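Summary of the model geometry
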Amino acid sequence: MNVGGAVLPVAAGVALIVFAVRLAREPRRLGNAVWLGLALLLTALWLLRAALHLEWLTPVLLRLLAVAAILVALVLPPR
């Protein structure tokens, strides 16, 4: 694994740790959701980067991304 391949999982792990620490201190802060979203985004990018080498994993991840996008659109309240 090269250095570029190690950046995404480390960054996702750091964002997840920051989320956990902030959640333990004050669970009602909106910034906690931002850190969780960042951790999930970095994890998804890491998986998509890995999927470039596995042809069968790419369609599975794209379907999961589509389902997640639909669920987010249905769950978030309109303004």
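Residues numbered from 1 in each chain as written. Predicted model: local features only at pLDDT ≥ 70, side-chain atom pairs only at ≥ 80, totals over all residues. Heavy atoms only, no water.

Section: the overall build of the protein chain
Helices and strands together make up the secondary structure of the protein chain, namely 3 helices and 0 strands. Its helices and strands in sequence order give the protein chain the pattern α-α-α, from N to C terminus. Burial status across the protein chain gives 14% buried among its 79 residues. Element-wise, carbon and sulfur atoms account for 76% of the exposed surface of the protein chain, whose accessible area totals about 6,400 Å². (Helix = DSSP H or I, 4+ residues; strand = E, 2+ residues; numbered from the N terminus. Buried < 20%, exposed > 50% of the residue type's maximum accessible area, 1.4 Å probe, protein only. Areas by Shrake-Rupley, 256 points an atom, 1.4 Å probe, with all protein chains shown as cover.)

Some words on the confidence of the model for the protein chain
Summary statistics for the protein chain give a mean pLDDT of 82 and a share of 89% for residues scoring 70 or more. When the elements of the protein chain are averaged for pLDDT, helix H3 (residues 57–75) gives the smallest value, 79, and helix H1 (residues 3–25) the largest, 87. (pLDDT = per-residue confidence, 0-100.)

Describing a nonpolar patch on the surface
A grouping of Leu38, Leu41, Leu45, Leu48, Leu62 and Leu65 is seen on the molecular surface, where their side chains present a nonpolar patch of about 500 Å² in accessible area. Those elements that provide at least two residues to the nonpolar patch are helix H2 (30–51) and H3. If one sorts the elements of the nonpolar patch by residue count, H2 sits on top with 4 residues. Looking at the element boundaries, Leu45 is found in helix H2. Judged by its relative accessible area of 39%, Leu45 is partly exposed. (Patch = residues over 30% accessible without salt bridge, like charges linked within 9 Å, V, L, I, M, F, W, Y side chains within 5 Å. Salt bridge = Lys/Arg side-chain N within 4 Å of Asp/Glu carboxyl O.)

Structural notes on H2
The end-to-end C-alpha distance of H2, which contains 22 residues, comes to 32 Å, matching closely the 32 Å that a straight helix rising 1.5 Å per residue would cover. For H2, the full list of buried residues reads Asn32, Ala39, Leu42 and Ala51. (Expected span 1.5 Å × (residues − 1).)

Quick word on the pattern of salt bridges
In the structure shown here, the tally under the stated rule is 1 salt bridge. Put simply, Arg28 and Glu26 hold a salt bridge, and the shortest N to O gap is 2.8 Å. Take Glu26: its relative accessible area is 26%, and that puts it in the partly exposed class.

Side note on the environment of Leu47
Tracing the backbone shows Leu47 in helix H2. C-alpha separation for the pair Leu47 and Leu57, spaced 10 residues apart in sequence, amounts to 9.0 Å.

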